[in-house]
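For reference, the chains in residue letters:
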Amino acid sequence: MSFWVGLVLGIAFGIGAVVLFVRSENKRSNSRTRLAETVAAFARMTVEDSRKLLPPQYYPSWVVFSQQQKVTWLNLQMTKIWPYVNEAASELIKASVEPVLEQYRPIVLSSLKFSKLTLGTVAPQFTGFSIIEDGGKDGITMEFELQWDGNPSIILDIKTRLGVALPVQVKDIGFTGVFRLIFKPLVEEFPGFGAISFSLRQKKKLDFTLKVVGGDISAIPGVSDAIEGTIRDAIEDSITWPVRKIIPILLGDYSDLELKPVGTLEVKLVQAKELTNKDLIGKSDPYAKLYVRPLRDRMKTSKVINNDLNPIWNEHFEFIVEDKSTQNLVVKIYDDEGLQASELIGCAQVHLKDLEPGKVKDVWLKLVKDLEIQRDTKNRGQVHLELLYCPFGGENGFTNPFAPTFSMTSLEKVLKSGVNGMDSNHSVNKKKEVIVRGVLSVTIISAEDLPPADLMGKADPYVVLRMKKSQSRNKTRVVNESLDPVWNQTFDFLVEDGLHDMLILELWDHDTFGKDYMGRCILTLTRVILEGEYKDTIPLDEAKSGKLTLSLKWTPQHVTVAFS
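Residues numbered from 1 in each chain as written. Predicted model: local features only at pLDDT ≥ 70, side-chain atom pairs only at ≥ 80, totals over all residues. Heavy atoms only, no water.

Visitor: Teacher, can you tell me more about the sheet that holds strand E13 (residues 343–351) here?
Guide: Adjacent strands of a sheet pair through backbone hydrogen bonds, lying either parallel or antiparallel. Across the sheet, 4 strands lie side by side as E10-E9-E12-E13; this open sheet has antiparallel pairing. For this open sheet the edge positions go to strand E10 (300–301) and E13, each flanked by a neighbour on one side alone. Bridging between strand E9 (residues 286–291) and E10 involves 2 bridges; their strand directions are antiparallel. Considered in E10, the bridge of Leu-290 is made with Lys-300. (Pairing = 2+ DSSP bridges. Helix = DSSP H or I, 4+ residues; strand = E, 2+ residues; numbered from the N terminus.)

Below you can see the structure in the form of C-alpha cells.
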C-alpha cells in the first residue's frame, strides 16, 4: 500500500515540478520579450521623444542636444590649405585690425602697432555646422562653430606716454566661438548671391596671455590690463555680432546689410533682494553693471549701495539696439571692494526679442553665477527691472513716440506722448527735464497670511507708507491680534516727480514697548501713471510669508518742461 502511495506522490511531485519549470520559463521568455521591445522602442526614439518624456530641468549638465552637423571633411581640407590661408590672412588681419587697436588705444599708451603677425602652423578645427532658419526669403544663413588652440606669433610694439618702448608678445591663445555667414541677397546671376556677410556670432571663450619679450609686463602697473581690455574691445566692436563685415561678390548697393540702430532700450534698475553676502564682516556693498554690447563706453554702472543685501537703486539707463532678434540685456551685480577688484554676486539677462514694442515690461530676474550655465540651483538673489523697447520708425504697426524731438529718455517720452501743449519746433535738440506731477491715491485694503510676531501666534499689524524721493509719510491704524488684517484706508500723496519716485510700504507689528518689522513692498509709479488706476496683491519682501492687497490711482497735474 505504501508503495502505491509513494508512487502517486512521486508522480504528482514530478508533474508539479515540470509545470512550475514550464511556467518559469514562459515568464522569463515574456520578460525577455518585453525587454527587447523596450530596447527597440528606445532605439527608435528621436530627440523630440526624449524631450517629451523628460523635462529639460531633469537633464544632467553634460546632456546637450545639438542640431549641428559634423564637418570632418572640412577640417581635413582646412589642414591642407592652412599654410596658404596663414600667409594670406596674416597681412589682411594686420591691415584691418591695426586701425581698430588705434581707435581703442588706452590713454597710458602713445602707440600700439603690430611688429609681427602670423597665425602659426595649427589650423582651427570646425566642431559643428548648421543652417539657420530665420524666416528670410532673400538670403541663406550658416553658422560654423570653431575651436582654435593655435601657436601664432604675434608681437605688438607699444610705447608708453613716458617714452618706454616695449615689444609685447600675445601667446597661449585659446578661442572657441560661432561664426555666422550670410549669403544675401539671392540673385539669378552666378554664384547665386550678391554679397557675403560674416560675423562672430558668439564668443564662447577667448584666452590669451601677454608677455614682454625679455622682461615682465607687470613691472609697469596698469599696462597689461589696458592692452588686454583694448584687444577685447577691438574684437567686440569690429567683428562680434551684430557687427558684420560685408564682402561684395557682384556689383550693387549693399548698404542695407550694414549695421544700423533699430531702436532704443529704456531700462529702470529698480532694486535687488536676497543677495548673497560676499563680506565676512558686515554686508555686501552692491552695484550693477548693465550692457547690451560689452563695450566699455557702452556699459552703464549704477551707484553703490553700502552694507545692504536688498538695495534700492531706482536708476534709469538707455541703450542703443542694433538687432532686437538676437541681442540681450545683461545685468551683473557686484560687491564693491574699494581699492580691490569687485566680486561678482550674480548675473542675469533678458532676451530683447521677448519685449513688445512700446509696452513697459516689469520683470524679476534670478541671478546666476554664469549665463552659460543654465541650471544654477544656488540662491544668489534677484534683480528687479522695468524695460521699454522703442523701435525707430513705424515697425510692426507701432508709431514711435520717441522721435528725437526732445533729448529726454524714452520712458519719459512714452509717458509724455499724450500730453498737449508742447511746442516741438521750439526746443529741438535742447536738453530738458520733464517732471511728471500728480496726486497718487493709495488704498491699503488688506493683508493675508502674515507671519506671527507675538508669543501667542498673532500680530498687531499696521502699514507705514513712504515716498522715497519726497520722504512724505503716512500710516494705517493698528489691527489688533490678526494675521489677516483689513484696513480699507486711503492716503493721498502729492508727487512732484513721478518718473523717479517710488512708493515704499513697510509692515510693522505694534507692541506696547516698541515695534517689530514684518516685511515691505516697493513699487515704482510707472504702471499707475500709464494705466491710471489698478488693484493688485503683492507678496511681502523680507518676510517668510504674507501678501498685501492695495489699490493705486494716479491723477495727473500740469507737466513742467524746463529747458536749458
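Further notes follow.
Visitor: Before we go on, may I ask you to explain the side chain of Thr-549 in this structure?
Guide: You can see Thr-549 is positioned in strand E24 (residues 547–556). Owing to a relative accessible area of 8%, Thr-549 belongs among the buried residues under this scheme. Only 3.0 Å separates the side chain of Thr-549 from the side chain of Thr-537, close enough to count as a polar contact. Each residue touching Thr-549, except ones within four places of it in the same chain, is listed here: Thr-443, Ile-444, Ile-445, Ser-446, Glu-448, Lys-535, Asp-536 and Thr-537. (Buried < 20%, exposed > 50% of the residue type's maximum accessible area, 1.4 Å probe, protein only. Polar contact = N/O pair within 3.5 Å; in protein donor to acceptor, adjacent residues only side chain to side chain. Contact = heavy atoms within 4.5 Å.)

Visitor: Quick question: what am I supposed to make of unusual backbone geometry here?
Guide: Glycine aside, residues mostly have negative phi angles, and peptide bonds mostly take the trans form. Here Lys-184 and Pro-185 are connected by a cis peptide whose omega angle stands at 0 degrees. Geometrically, the link from Trp-241 to Pro-242 is a cis peptide bond, its omega value of 15 degrees lying close to zero. With respect to the secondary-structure elements, Pro-242 resides in the loop between helix H4 (223–238) and strand E7 (245–248). Positioned with a positive phi, Glu-274 is a non-glycine residue whose angle comes to about 55 degrees. Looking at the element boundaries, Glu-274 is found in the loop between strand E8 (263–273) and E9. Look at Gln-471: it is not a glycine, yet its phi comes out positive at around 65 degrees. If you trace the backbone, Gln-471 turns up in the loop between strand E18 (461–467) and strand E19 (473–475).

Visitor: Explain the sheet that holds strand E21 (residues 502–511) to me, please; I cannot follow it from the model alone.
Guide: Within the open sheet, the 4 strands sit side by side as E19-E18-E21-E22. Their pairing is antiparallel. This sheet does not close on itself; its edge strands, each paired only once, are E19 and strand E22 (514–524). Shown here is a sheet whose adjacent strand axes are inclined to one another by a mean of 20 degrees, direction ignored. (Axes fitted to C-alpha atoms, helices over the stretch in contact; angles between N-to-C directions.)

Visitor: What is the right way to read the confidence of the model for the protein from this model?
Guide: Any residue range with low pLDDT should be treated as having predicted coordinates unsuitable for detailed reading. Per-residue confidence for the protein averages 80 on the pLDDT scale, and 82% of its residues sit at or above 70. Ignoring residues within four places in sequence, the model shows residues 395–408, a span with pLDDT below 50, making 42 contacts including any to other chains. (pLDDT = per-residue confidence, 0-100.)

Visitor: How do you make sense of the pattern of salt bridges when you look at a structure like this?
Guide: Side chains bearing opposite charge may pair, as long as their charged atoms lie close to each other. One pass over the structure, following the stated rule, counts 16 salt bridges. Between Glu-506 and Arg-466 there is a salt bridge, with the nearest N and O atoms lying 3.8 Å from each other. Taken as a pair, Glu-506 in strand E21 and Arg-466 in strand E18 lie far apart in primary sequence, 40 residues in all. We note that Glu-506, like Arg-466, is buried. One connected set of salt bridges, linked through shared partners, spans Glu-143, Arg-180 and Arg-201. (Salt bridge = Lys/Arg side-chain N within 4 Å of Asp/Glu carboxyl O.)

Visitor: How should I be thinking about a nonpolar patch on the surface in this particular structure?
Guide: Judged by side-chain polarity, Ile-11, Ile-15 and Val-19 come together as a nonpolar surface patch covering roughly 270 Å² of accessible area. In this structure, Ile-11 sits in helix H1 (residues 2–44). (Patch = residues over 30% accessible without salt bridge, like charges linked within 9 Å, V, L, I, M, F, W, Y side chains within 5 Å. Areas by Shrake-Rupley, 256 points an atom, 1.4 Å probe, with all protein chains shown as cover.)

Visitor: Help me understand the pairing of strand E15 (residues 382–391), please; the structure alone is not making it clear to me.
Guide: Side chains on a regular strand alternate between the two faces of the sheet. Of all 10 residues making up E15, 9 are buried, and the element is well covered by its neighbours. In terms of strand pairing, E8 meets E15 through 10 bridges, oriented antiparallel. Bridge pairing in E15 links Lys-268 to Glu-386. Bridge count between strand E14 (residues 361–366) and E15: 6 bridges; the pairing is antiparallel. Paired with Lys-361 across the strands is Leu-387, a residue of E15.

Visitor: What is the right way to read the environment of Thr-301 from this model?
Guide: Its location among the elements puts Thr-301 in strand E10. You can call Thr-301 partly exposed: its relative accessible area is 42%. In this structure the C-alpha to C-alpha distance between Thr-301 and Lys-289, which are 12 residues apart in sequence, comes to 4.6 Å. Beyond its immediate stretch of four places on either side in the chain, Thr-301 contacts Tyr-287, Ala-288, Lys-289 and Phe-317.

Visitor: How should the environment of Lys-283 be read in this particular structure?
Guide: Within the secondary structure, Lys-283 sits in the loop between E8 and E9. Given the relative accessible area of 42%, Lys-283 is considered partly exposed. Counting along the chain gives 23 residues from Lys-283 to Asn-306, while the straight-line C-alpha distance between them is 8.0 Å. Those residues in contact with Lys-283, other than ones at most four positions away along the chain, are Asn-277, Asn-307, Asp-308 and Leu-309.

Visitor: Explain the pairing of E21 to me, please; I cannot follow it from the model alone.
Guide: Among the 10 residues that make up E21, 8 are buried, leaving the element largely enclosed by the rest of the structure. For E18 and E21, the ladder comprises 7 bridges, and the chain directions are antiparallel. From the neighbouring strand, Leu-465 faces E21, where its bridge partner is Leu-505. Note that E21 and E22 share 10 bridges and pair antiparallel.

Visitor: Is there a simple way to explain the nonpolar core in this structure?
Guide: Across soluble globular proteins, nonpolar side chains show a tendency to be buried alongside one another. Counting 36 residues, the largest nonpolar core has Leu-156, Ile-158, Val-170, Ile-227 and Ile-231 as the members making the most contacts within it. Sorting the residues of this core by element identifies helix H3 (72–103), strand E1 (109–118), strand E2 (125–132), strand E3 (140–148), strand E4 (153–160), strand E5 (165–183), strand E6 (195–212) and H4 as the ones contributing at least two each. Per element, the largest residue contribution to this core is 6 residues, and it comes from H3. Of all hydrophobic cores here, the second largest spans 33 residues; its members include Ala-447, Leu-450, Leu-499 and Leu-523. (Core = buried A, V, L, I, M, F, W, Y, C linked by side-chain atoms within 4.5 Å.)

Visitor: Can you walk me through the packing of aromatic side chains in this structure?
Guide: Under the counting rule described, the total for this entry stands at 6 aromatic pairs. With centroids separated by 5.0 Å and ring planes inclined at 70 degrees, the aromatic side chains of Phe-183 and Phe-193 adopt a geometry described as edge-to-face. In this pair, Phe-183 is assigned in strand E5 and Phe-193 in the loop between E5 and E6, connecting sequence segments 10 residues apart. The exposure classification of Phe-183 matches that of Phe-193, with both residues buried. Measuring from ring centre to ring centre gives 5.3 Å for Trp-508 and Tyr-517, while their planes differ by 70 degrees; the resulting arrangement is edge-to-face. (Phe/Tyr/Trp six-rings, centres within 6.5 Å; stacked < 30°, edge-to-face > 60°.)

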